[in-house]
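Spelled out from the first residue to the last, the chains are:
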Amino acid sequence: MRILLPTTDPEDWKHFLADPEKQWRTGYSARTLAYCWHDTDGFPPEVASLFRTTVCAALHNTQPLLVLPEYKVRVPGKGHMSQNDIFVLAKAGDGALVSMMVESKVSEPFGDSVGVWKANGDGFTANKQERLRGLCRFAGLTDVPDAIHYQLLHRTASAMIEAETYNAPYAVMIVHSFSPENAHWKAFDAFVRLYGKTPQIGQLVELTTVGKVRLFAGWAHGHERYLKM
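Summarised in this report is the structure supplied together with it. (Residues numbered from 1 in each chain as written. Predicted model: local features only at pLDDT ≥ 70, side-chain atom pairs only at ≥ 80, totals over all residues. Heavy atoms only, no water.)

A few words on the pattern of salt bridges. Counting across every chain of the model gives seven salt bridges. Salt-bridge contacts for glutamate 11 lead to lysine 14; the nearest nitrogen and oxygen are separated by 3.7 Å. The class of glutamate 11 is partly exposed, set by a relative accessible area of 24%. In this structure lysine 14 comes out as partly exposed when scored by relative accessible area, which is 27%. Arginine 31 is paired through a salt bridge with glutamate 11; the nearest N and O atoms lie 3.4 Å apart. Taken together, the positions of arginine 31 in helix 2 (residues 29–37) and glutamate 11 in the segment before helix 1 (20–23) put the pair 20 residues apart, joining distant regions of the chain. For arginine 31, a relative accessible area of 16% puts it in the buried group. (Salt bridge = Lys/Arg side-chain N within 4 Å of Asp/Glu carboxyl O. Buried < 20%, exposed > 50% of the residue type's maximum accessible area, 1.4 Å probe, protein only. Helix = DSSP H or I, 4+ residues; strand = E, 2+ residues; numbered from the N terminus.)

Now the structure itself:
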């Protein structure tokens, strides 16, 4: 549905989760993310600072317009939609729109690898092949190795799909990690290197341009105090 209700406090976020009883727990990513983002009138400081690190000057003063938790995006092929922790429709310093997807992590991994996803269920069916081709097309990739995590691919594709929806020239995928040791950084690093780029924690890197949309990715390290809320 395109009818969205505003939240009044972080606890409202749990109603949008697929499994609130399991996912809404202190120290876990869903609850931690909600308390962090509700604690500011704009971007959390570590997310705002990401935009100031990019070579694209237009993104340095990016401001959020809408912040939508547990946002579902219809991706190519049949099956489940991509349920993103946060979708942000933002405005860049040049006035252009920014489509942004946020994936929150504490100690949780990025789910199955592409290889495991292919093998699950009935195997690498025609529908899965269609989905993978479509995700790669939106993400600006020709193929993805089996070792890459599937979740990173469809989160990135989601940002590009919504950029197309809103005619936004910028798409951004951010991992907002609250892990003290930045758990699973290597998975993100491997994904970004598919584009021939070397990521750094706290930096927004430009990956590629697909059509008229410039694609960026970054890793923000959230404050660990939110793990106790």
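As a further point, take the pairing of strand 5 (residues 204–210). With six bridges connecting them, strand 5 and strand 6 (residues 213–221) associate as antiparallel partners. Of the residues in strand 6, the one forming a bridge with glutamate 206 is phenylalanine 216. Taking the residues between adjacent antiparallel strands as the criterion, strand 5 and strand 6 are bridged by two residues, where glycine 211 takes a positive phi near 65 degrees. (Pairing = 2+ DSSP bridges.)

As a further point, take the packing of helix 6 (residues 150–165) against helix 7 (residues 185–192). It is at 10 Å that the axes of helix 6 and helix 7 come closest, and there the two elements cross at 55 degrees. Between helix 6 and helix 7, the interaxial angle falls into the category oblique. Crossing of helix 6 over helix 7 shows right-handed handedness. In this structure, helix 6 contributes Leu152, Leu153 and Thr156 to the contact, and helix 7 contributes Ala187, Phe188 and Phe191. In terms of residue class, the contact of helix 6 with helix 7 is built from five nonpolar, one polar and no charged. (Axes fitted to C-alpha atoms, helices over the stretch in contact; angles between N-to-C directions. Parallel < 35°, antiparallel > 145°, perpendicular 65-115°, else oblique. Left-handed = near helix turned anticlockwise from the far one by under 90°. Contact = heavy atoms within 4.5 Å. Nonpolar A, V, L, I, M, F, W, Y, C, P; charged D, E, K, R; others polar.)

Tracing the backbone through its elements, the reader meets alanine 18 in the segment before helix 1. Taking relative accessible area as the criterion, alanine 18 reaches 68% and is therefore assigned exposed. With sequence-adjacent residues up to four places away left out, alanine 18 is seen in contact with Gln23 and Gln83.

As a further point, take unusual backbone geometry. The backbone phi angle of asparagine 182 is positive, close to 50 degrees, even though this residue is not glycine. Turning to its location among the elements, asparagine 182 is positioned in the loop between strand 4 (170–177) and helix 7. The exposure class assigned to asparagine 182 is buried, which follows from its relative accessible area of 15%. Of note in this structure, histidine 184 is not a glycine but carries a positive phi near 70 degrees.

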